[in-house]
Amino acid sequence: MLGLNRRGKIIRLDLSGGLTLFFHLKMTGQLLFCRRDAPRDKHTHFVVSFENTPKELRFRDVRKFGFILLLKTREAERAAEIRNLGPEPLGLDFPSFLGILQSRRGRVKSLLLNQGFIAGIGNIYADEILFEAGIHPATDVFLLRLKDREKLWKAIPLILARAIKNRGTSIRDFRDGDGLEGGFQDFLCVYGRESLACPRCGAAIKRLRIGGRSSFFCPRCQRRSS
DNA sequence: CAGATCACCTGCTTGC
DNA sequence: TGCAAGCAGGTGATCT
């Protein structure tokens, strides 16, 4: 094993021998690093063994939406799974953000989920980001004023850094490499909180379906267009 | 071309 | 208790 890193939602494992593995966890995938002698359950579909350690890396996925790709390391950079991704959300400067926002159309919630726009934002964090920015999820990107674009730009790394600090969001299946739950579910402001009180203003959180995904928002803190 | 719908697959929760 | 319906963190295909 030569290196482990990430690009967007793709987890990349570089192996000796010039080979690289890509993992995508999709909805219920898990990568667990545990002892070889620990029992494997029926949802464990793939295992990587290592020299010099009694532990192994297991890919577990109840719904089987996830995928694993084996490719030559020298071809990994140009693989479509990586090449088609937008920039990383952490460390994206404001001019660059304005640049990639330019000429985009459609609802802002859908754009945040578009991995070709920015890589790595999923449904939970998109909703939390829009709440933080005070933007209604169905707003057409085209209509966002400069001030809103700036709020959005600031909210993205803020929410993601906070979620990372709390080691992710374990509503159901998410576990870290040690099989431990994250803690960010305790800090969610809108996601999964339909009809509960907005932590900021007390109004009842609403749910909309946008692009086939549930979208939670506060009807008072996140007004349409304006 | 934005948006809706469906498909992939399994399991959990809710309501009758 | 049983059973059907609805829901789920992602994303790509297809149709309007």
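Now for a quick tour of the structure. What you see is a predicted model, and the numbers here were worked out from it, not measured in a lab.

Time to look at the nonpolar core. Side chains of nonpolar character tend, in soluble globular proteins, to be buried together. In terms of nonpolar packing, the biggest core is built from 38 residues, with Phe97, Leu112, Ile121, Tyr125, Ile129, Leu152 and Ile156 touching the most fellow members. Breaking this core down by element, the ones donating at least two residues are α3 (94–101), α4 (108–113), α5 (123–133) and α6 (146–165). Considering each element in turn, this core owes the most residues, 7 residues, to α5. Leave out the neighbours within four places in its chain, and isoleucine 156 touches Pro89, Phe97, Leu112, Ile118, Ile121 and Ile129. The next biggest cluster of nonpolar side chains, apart from the first, holds 10 residues, and it includes Leu13, Val48, Phe50 and Leu57.

Let's shift gears to unusual backbone geometry. Residues other than glycine seldom take positive phi values, yet lysine 26 does so here, at roughly 45°. We classify lysine 26 as partly exposed; its relative accessible area is 44%. The phi dihedral of asparagine 52 is positive, around 65°, even though this residue is not glycine. By secondary structure assignment, the location of asparagine 52 is in the loop between β5 (44–49) and β6 (55–61).

Moving on: the pairing of strand β8 (residues 206–210). The pairing of β8 with strand β9 (residues 213–217) spans 5 bridges and is classified as antiparallel. The residue bridging arginine 209 from the neighbouring strand is serine 214, located in β9. Connecting the antiparallel pair β8 and β9 is a turn made up of 2 residues, with glycine 211 showing a positive phi of about 60°.

What follows covers the protein's contact with DNA strand B. What surrounds DNA strand B is the set Lys42, His43, Val62, Arg63, Lys64, Phe65, Arg105, Gly106 and Arg107. Close to the protein, within 4 Å, the atoms of DNA strand B belong to sugar or phosphate groups at a rate of 71%. Within the contact set of DNA strand B, a phosphate oxygen lies 3.1 Å away from a side-chain nitrogen or oxygen of lysine 42. Within the side chain of arginine 63, one N or O atom sits 3.0 Å away from a base oxygen of DNA strand B. Of the residues in the surface near DNA strand B, the class split is 2 nonpolar, 2 polar and 5 charged.

What follows deals with the pattern of salt bridges. Counted by the stated rule, this structure contains 15 salt bridges. A salt bridge links glutamate 56 to arginine 58; the shortest N-O distance between them is 2.7 Å. Both residues of the pair, glutamate 56 and arginine 58, belong to the buried class.

This paragraph deals with the protein's contact with DNA strand C. Residues in close proximity to DNA strand C total 20 residues, the closest being Arg172, Asp173, Phe174, Tyr191 and Arg213. With respect to DNA strand C, the side chain of arginine 63 contributes an N or O atom lying 3.2 Å from a base nitrogen. Between DNA strand C and arginine 172, the relevant distance is 2.6 Å, taken from a base oxygen to a main-chain nitrogen or oxygen of the residue. Mapped onto the surface near DNA strand C, the elements with two or more residues apiece are α5, β8 and β9.

Quick look at the layout of surface pockets now. Volume-wise, the largest pocket comes out at about 2000 Å³. As for the largest pocket, its lining consists of 49 residues, of which Lys9, Leu25, Lys26, Tyr125 and Phe174 are closest to the centre. Counting only elements with at least two residues in the lining of the largest pocket, the list comes to β1 (3–7), β2 (10–15), β4 (29–35), α5, α6 and β9. Top element by residues in the lining of the largest pocket is β4. It accounts for 5 residues. Split by residue class, the lining of the largest pocket holds 24 nonpolar, 14 polar and 11 charged. The volume enclosed by the second largest pocket comes to roughly 250 Å³. Lining the second largest pocket are 17 residues; nearest its centre among them are Ala133, Gly134, Ile135, Asp148 and Lys151. Taken together, the residues of the lining of the second largest pocket sort by class into 6 nonpolar, 5 polar and 6 charged.

Rules used throughout
Residues numbered from 1 in each chain as written. Chains lettered and ligands numbered in written order. Predicted model: local features only at pLDDT ≥ 70, side-chain atom pairs only at ≥ 80, totals over all residues. Heavy atoms only, no water. Core = buried A, V, L, I, M, F, W, Y, C linked by side-chain atoms within 4.5 Å. Buried < 20%, exposed > 50% of the residue type's maximum accessible area, 1.4 Å probe, protein only. Helix = DSSP H or I, 4+ residues; strand = E, 2+ residues; numbered from the N terminus. Contact = heavy atoms within 4.5 Å. Pairing = 2+ DSSP bridges. Near = heavy atom within 4 Å. Polar contact = N/O pair within 3.5 Å; in protein donor to acceptor, adjacent residues only side chain to side chain. Nonpolar A, V, L, I, M, F, W, Y, C, P; charged D, E, K, R; others polar. Salt bridge = Lys/Arg side-chain N within 4 Å of Asp/Glu carboxyl O. 1 Å grid on protein atoms, 1.4 Å probe; cavity = no way out; pocket = protein on both sides within 12 Å on 5 of 7 lines; lining within 4 Å. Points joined across faces, edges and corners; volume = space filled by probe spheres on them.

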